[in-house]
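Close look at the chain arrangement
Residues per chain, in single letters:
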Amino acid sequence: MALPAARARGWAAAVKMAQRRRHAEAPRGSPSRAPPGSRAALYVHWPYCEKRCSYCNFNKYIPRGVEEAAMRSCLVTEAQTLLRLSGVQRVESVFFGGGTPSLASPNTVAAVLEAVDQISHLPADSEVTLEANPTSAPGSRLAAFGAAGVNRLSIGLQSLDDTELQLLGRTHSARDALQTLAEARRLFPGRVSVDLMLGLPAQQVGPWLGQLRTLLGCCDDHLSLYQLTLERGTALFTQVQRGALPAPDPELAAEMYQEGRAMLREVGFRQYEVSNFARNGALSTHNWTYWQCGQYLGVGPGAHGRFVPQGAGGHTREARIQTLEPDNWMKEVMLFGHGTRRRVPLGQLELLEEVLAMGLRTDVGITHQACSCYVCPVPGLGVSVFPPKEAPAVRPSTSWDRTSCCKENPIIEIIGLL
Ligand SMILES: C[S@@+](CC[C@H](N)C(=O)[O-])C[C@H]1O[C@@H](n2cnc3c(N)ncnc32)[C@H](O)[C@@H]1O
Ligand SMILES: C[S@@+](CC[C@H](N)C(=O)[O-])C[C@H]1O[C@@H](n2cnc3c(N)ncnc32)[C@H](O)[C@@H]1O
Ligand code: SF4
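Basis of the calculations
- Once a new chain begins, its residue numbering starts again from 1 and follows that chain's sequence as written.
- Chain letters and ligand numbers both follow the written order, the letters beginning at A and the numbers at 1.
- Local features are withheld for residues below a pLDDT of 70 in this predicted model, meaning they are given only at 70 or higher, and side-chain atom pairs are given and counted only at 80 or more; totals for whole chains, interfaces and linings count all residues.
- Working from all heavy atoms in the structure, the side-chain values ignore hydrogens and water.
- Every helix listed is a DSSP run of H or I at least four residues long, and every strand listed is a run of E at least two residues long, numbered separately from the N terminus.
- When a residue's accessible area, from a 1.4 Å probe over protein chains only, is under 20% of the maximum for its type it is buried; when over 50% it is exposed; and in between it is partly exposed.
- When checking whether two residues touch, look at their non-hydrogen atoms; a contact exists if any pair is within 4.5 Å.
- Every accessible area reported is derived by Shrake-Rupley at a probe size of 1.4 Å, with residue values counting cover from the shown protein chains alone.
- Throughout this description, a polar contact denotes any pair of N or O atoms lying within 3.5 Å of each other; where both atoms belong to protein, one of them has to be capable of donating a hydrogen while the other can accept it, and for residues adjacent in sequence the pair is counted only when both atoms sit in side chains.
- A molecule or strand has a residue near it when one of that residue's heavy atoms lies within 4 Å.
- Only Asp, Glu, Lys and Arg are considered charged in this grouping, and only Ala, Val, Leu, Ile, Met, Phe, Trp, Tyr, Cys and Pro are considered nonpolar; every other residue, Gly among them, is considered polar.
- UniProt positions are given in the numbering used here, feature names are shortened, and annotations may be inferred rather than shown by experiment.
- Angles shown run from 0 to 180 degrees and are taken between the N-to-C directions of axes, each axis being a line fitted to C-alpha atoms and, for helices, limited to the stretch in contact.
- For classification, angles of less than 35 degrees are called roughly parallel, those exceeding 145 degrees roughly antiparallel, those between 65 and 115 degrees roughly perpendicular, and all remaining angles oblique.
- Throughout, a crossing is termed right-handed when the near helix is turned clockwise from the far one, and left-handed when it is turned anticlockwise from it by less than a right angle.
- For the purposes of this section, nonpolar cores are sets of buried Ala, Val, Leu, Ile, Met, Phe, Trp, Tyr and Cys residues that join through side-chain atoms within 4.5 Å.
- Think of it this way: DSSP has to see at least two bridges between two strands before they count as a pair.
- Think of it like this: strands point away, you trace from the first strand over the helix to the second, and a clockwise trace means the crossover is right-handed.
- Salt bridge, as used here: a side-chain nitrogen of Lys or Arg that lies within 4 Å of a carboxyl oxygen of Asp or Glu.

Describing the overall build of the chain
Helix and strand counts for the chain stand at 15 helices and twelve strands. The buried share of the chain, reckoned over its 418 residues, is 52%. The contacts of the chain with a sequence gap of at least 6 include a subset with a gap of at least 24, amounting to 71%. Total accessible area on the chain is roughly 18900 Å²; 54% of this is exposed by carbon and sulfur atoms.

Written as structure tokens, this is what we have:
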């Protein structure tokens, strides 16, 4: 007897999830050879949190209750709409960020991944990250996310000092955070990242370096060091403005950063981006796509995307942002299949600016391979900074071969032409 379709799909998904988990323990694969226009990263925004942290101005809401089935259905619908619109055939990473996506149910994560795989291909070795807050992520829950297809965790540890954690309005202690980290490493070996903040009000260099040293004794292969940005409209901003707290000292923050980088380098971490450090090749594929100006689709309230809507016959890369407020976003998704609030086609100068601004954040800088999609009028992301007729000065004498074009026209000369 034939299996009912839904059940058959469920089985296929279970097999795929198991493969993805196995891959999580294997060494990193080689980069994809699929043409840039046919692949993308996908970001999914879960907009809810338990409590507002004092420093955070991300797009997040503290709801009385969450209609999770409705939210799940809208995330699935929007992911499918945007994938069709982009014409993307291969999704190389999915990032569940927020807000606090570890508050979502693992079923929601599984439903989104299955939907992505139905419309486009989600290879078993794609990186699937979930941001997890220590208090909303006990071991059993983390395991359920693993079963749903997550193979990388980013833990918002922020600090290992309980007084600082209170100042930040976090709901967890340093002990909770370390426990979550240990559980995460047991379940996702080699695939756990932690966020540590620096430059907090009254924070001193020595004790902060002590926190980093402690963390190095128990962390996995990826660390993000985020300097506090005092965001207007946050409780921390108001406290500093009123003089209830000292303003963070930028000189001290610079010292923490420089000493922290040196400490990480000594123990084998590569600083591959301004705030990001990895060893054993554990770079975040998802974020790397952003910095290399690859395509990414943003799903969920307030998510950002950058892609060419090839599925609708488009040839121009667009910056897109989804409606911020979750209830409004859901209404739009139910009516139109997506909640895209703003679409901005990117002009040639804007594209080049993005290539420069993103590339200069990384340790590889701007390479010929990465910039060639933009500066050479060869099929890349379906865009080019200089269409042939407008760029006689950079046109190579022989052909539009990407390598020779880039070799003959170093990026610096191209910038000079602008
Ligand atoms: C927006 S949170 C989402 C993940 C999760 N809810 C959490 O709190 O861990 C992602 C990361 O952004 C960083 N972050 C948020 N606001 C920041 C700020 N004002 N300055 C520096 N880093 C910030 C924190 O390190 C945090 O872990
Ligand atoms: C604060 S970072 C934390 C990353 C973490 N340290 C790691 O290594 O996985 C959160 C990431 O989520 C993605 N992100 C956050 N907000 C987004 C948004 N509104 N639209 C698209 N992507 C977003 C970006 O890739 C960003 O780097
Ligand atoms: S830092 Fe994380 S948990 Fe705190 S309010 Fe922002 S998104 Fe929510």
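Observations concerning the side chain of Glu 318
Considering the arrangement of structural elements, one finds Glu 318 in strand E11 (residues 318–322). Exposure remark for Glu 318: the relative accessible area of 6% places this residue in the buried category. Here the side chain of Glu 318 touches Arg 320 through a polar contact of 3.0 Å, side chain to side chain.

Some points on the site of ligand 2
Ligand 2 sits among 16 residues. The nearest are Asp 195, Ser 224, Asn 287, Tyr 290 and His 304. For ligand 2, a nitrogen atom lies 3.2 Å from a polar atom in the backbone of Gly 302. Listing elements by their share of the shell around ligand 2, those giving two or more residues are strand E4 (152–158), strand E5 (192–198), strand E6 (222–227) and helix H10 (285–291). Residues belonging to the shell around ligand 2 are distributed by class as follows: five nonpolar, eight polar and three charged.

Let's talk about the UniProt feature "domain: Radical SAM core" (unreviewed entry) in the chain
The UniProt entry lists residues 34–270 under the feature "domain: Radical SAM core" (unreviewed entry), expressed in the numbering used here. Taken end to end, residues 34–270 has its terminal C-alpha atoms 27 Å apart, with 42% of it in helix and 19% in strand.

Topic: the packing of helix H2 (residues 68–86) against helix H3 (residues 106–119)
Closest axis-to-axis distance for the H2/H3 pair is 9 Å, and the angle between their directions is 20 degrees. The angle between H2 and H3 falls in the class roughly parallel. Here H2 and H3 pass one another in a crossing that is right-handed. Where H2 approaches H3, its residues Glu 68, Arg 72, Leu 75, Val 76, Gln 80, Leu 83 and Arg 84 are matched on the opposing element by Asn 107, Thr 108, Ala 111, Val 112, Ala 115, Val 116, Gln 118 and Ile 119. Classifying every residue of the contact of H2 with H3 by side-chain character gives eight nonpolar, four polar and three charged.

Regarding the nonpolar core
Note on soluble globular proteins: their nonpolar side chains tend to be buried together. In this structure, Leu 42, Val 94, Phe 96, Leu 215 and Leu 223 are the most contacted members of the largest nonpolar core, which totals 67 residues. Apart from residues lying up to four places away in sequence, Val 94 is in contact with Leu 42, Val 44, Leu 113, Leu 122, Glu 127, Val 128, Thr 129 and His 286.

Let's talk about the site of ligand 1
Not every one of the 17 residues close to ligand 1 is listed here, only the nearest: Gly 99, Asn 133, Gln 158, Arg 170 and Asp 195. Within the backbone of Gly 99, a nitrogen or oxygen atom sits 2.7 Å from a nitrogen atom of ligand 1. The contact in question runs from a nitrogen atom of ligand 1 to an N or O atom on the side chain of Asn 133, over 3.0 Å. Burial of ligand 1 by the protein amounts to 92% of the accessible area it has alone, namely 550 Å². Elements that contribute at least two residues to the shell around ligand 1 include exactly E4, E5 and E6. Residues that form the shell around ligand 1 fall into these classes: five nonpolar, eight polar and four charged.

Some details on the environment of Pro 246
By the element assignment, Pro 246 lies in the loop between helix H8 (235–241) and helix H9 (250–266). What makes Pro 246 partly exposed here is its relative accessible area of 44%. In this structure, the C-alpha to C-alpha distance between Pro 246 and Val 194, residues 52 residues apart in sequence, is 27 Å. Excluding residues within four positions of it along the chain, Pro 246 makes contact with Pro 201, Ala 202 and Val 240.

What about the pairing of strand E1 (residues 39–46)?
Across the eight residues that make up E1, a large majority, seven, are buried. In terms of strand pairing, E1 meets strand E2 (residues 90–98) through eight bridges, oriented parallel. Bridging across to E2, Trp 46 finds its partner in Gly 98. Of the crossover connections in this fold, the one passing from E1 over H2 to the parallel E2 is right-handed. As defined by bridge partners, E1 adjoins strand E9 (residues 296–299) across four bridges and the pair is classed as parallel.

Points about the pattern of salt bridges
Here the structure, examined in full by the defined rule, presents twelve salt bridges. Of the charged contacts, one joins Glu 92 and Arg 39 as a salt bridge, the two residues approaching to 4.0 Å between their closest N and O atoms. One end of the pair, Glu 92, is in strand E2; the other, Arg 39, is in strand E1, with 53 residues separating them in the sequence. Here Asp 363 and Arg 270 are joined by a salt bridge, their closest N and O atoms 2.7 Å apart. Placement of the pair is Asp 363 in the loop between helix H12 (348–359) and helix H13 (368–375) and Arg 270 in strand E7 (residues 270–273), with a sequence separation of 93 residues. Note on Asp 363: relative accessible area 39%, which makes it partly exposed. Note on Arg 270: relative accessible area 34%, which makes it partly exposed. Connected through shared salt-bridge partners, Arg 39, Arg 90 and Glu 92 make up one network.

Some words on the side chain of Asp 220
Here Asp 220 lies in the loop between helix H7 (205–216) and E6. Side-chain polar atoms of Asp 220 contact the side chain of Arg 185, separated by 3.2 Å. Apart from the residues within four sequence positions on either side, Asp 220 is in contact with Arg 185, Phe 188, Pro 189, Gly 190, Arg 191, Val 192, Phe 269 and Arg 279.

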